[in-house]
Amino acid sequence: MANNKDHNETIRQRNKDSVQKAALFWIELANDKLSEINKQLLSLSAILLPLTASVVISPITFREYEKTLMLLGWMFLFSSIIAGFIQIALDAVYFKDLSRDSSKREVLWSDSNRDIRDIEKDVKAIGDTPSSSSHLPLILQSLSISIGLLFIMVVAISLLLRK
């Protein structure tokens, strides 16, 4: 009987350690995402500011279709930024949920007064962990930035080809 109890305690400890490592991993990943947000915002502002400033301060006269395409390009770039923020928010919620899931499993595996079969049953009742958050905003972000840059490039080419 003591040997079975030692075996159960070994399994319990192994699973508890595994869940603790997972929780720490997800917390670190969530913090890295926040750091990445800051880097992306700096990069984005460094690109959009000169682009916007060069158009505003230049003495170039735009044709109506160029103005329209430029405005549409900026709108698509802005929608790309919004989609990026939505994706980051979804990822942050996803990582937080993963951390909570790991914490629940850790609490279950930490209870040394319960039979291991009961713990396994409760862990299975929690269900499977989703493999990822939604990627729809990421797809929209990619499409928006591509279309926006295409419109802006059409305007740039149009300006360069003028005689």
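These remarks concern the structure in this document. What you see is a predicted model; the values in this text were computed from it and never measured.

**Focus: the layout of surface pockets**
Here's step 1: Its boundaries defined by the atoms lining it, the second largest pocket holds a volume of some 210 Å³.
Here's step 2: Lining the second largest pocket are twelve residues, with K5, N8, R12, R114 and D115 positioned closest to its centre.
Here's step 3: Among the elements of the structure, α1 (2-57) and α3 (116-126) are those that each provide at least two residues to the lining of the second largest pocket.
Here's step 4: Ranked by the residues each element gives to the lining of the second largest pocket, the list is headed by α1, at five residues.
Here's step 5: Looking at the lining of the second largest pocket residue by residue, the classes come out as two nonpolar, four polar and six charged.

**Looking at the packing of aromatic side chains**
Here's step 1: Here the structure, examined in full by the defined rule, presents one aromatic pair.
Here's step 2: Geometrically, the ring pair formed by F76 and F151 is edge-to-face, given 5.7 Å between the ring centres and 70° between the ring planes. Placement of the pair is F76 in helix α2 (residues 64-110) and F151 in helix α4 (residues 136-161), with a sequence separation of 75 residues.
Here's step 3: What makes F76 partly exposed here is its relative accessible area of 27%.

What counts as what
Residues numbered from 1 in each chain as written. Predicted model: local features only at pLDDT ≥ 70, side-chain atom pairs only at ≥ 80, totals over all residues. Heavy atoms only, no water. 1 Å grid on protein atoms, 1.4 Å probe; cavity = no way out; pocket = protein on both sides within 12 Å on 5 of 7 lines; lining within 4 Å. Points joined across faces, edges and corners; volume = space filled by probe spheres on them. Helix = DSSP H or I, 4+ residues; strand = E, 2+ residues; numbered from the N terminus. Nonpolar A, V, L, I, M, F, W, Y, C, P; charged D, E, K, R; others polar. Phe/Tyr/Trp six-rings, centres within 6.5 Å; stacked < 30°, edge-to-face > 60°. Buried < 20%, exposed > 50% of the residue type's maximum accessible area, 1.4 Å probe, protein only.

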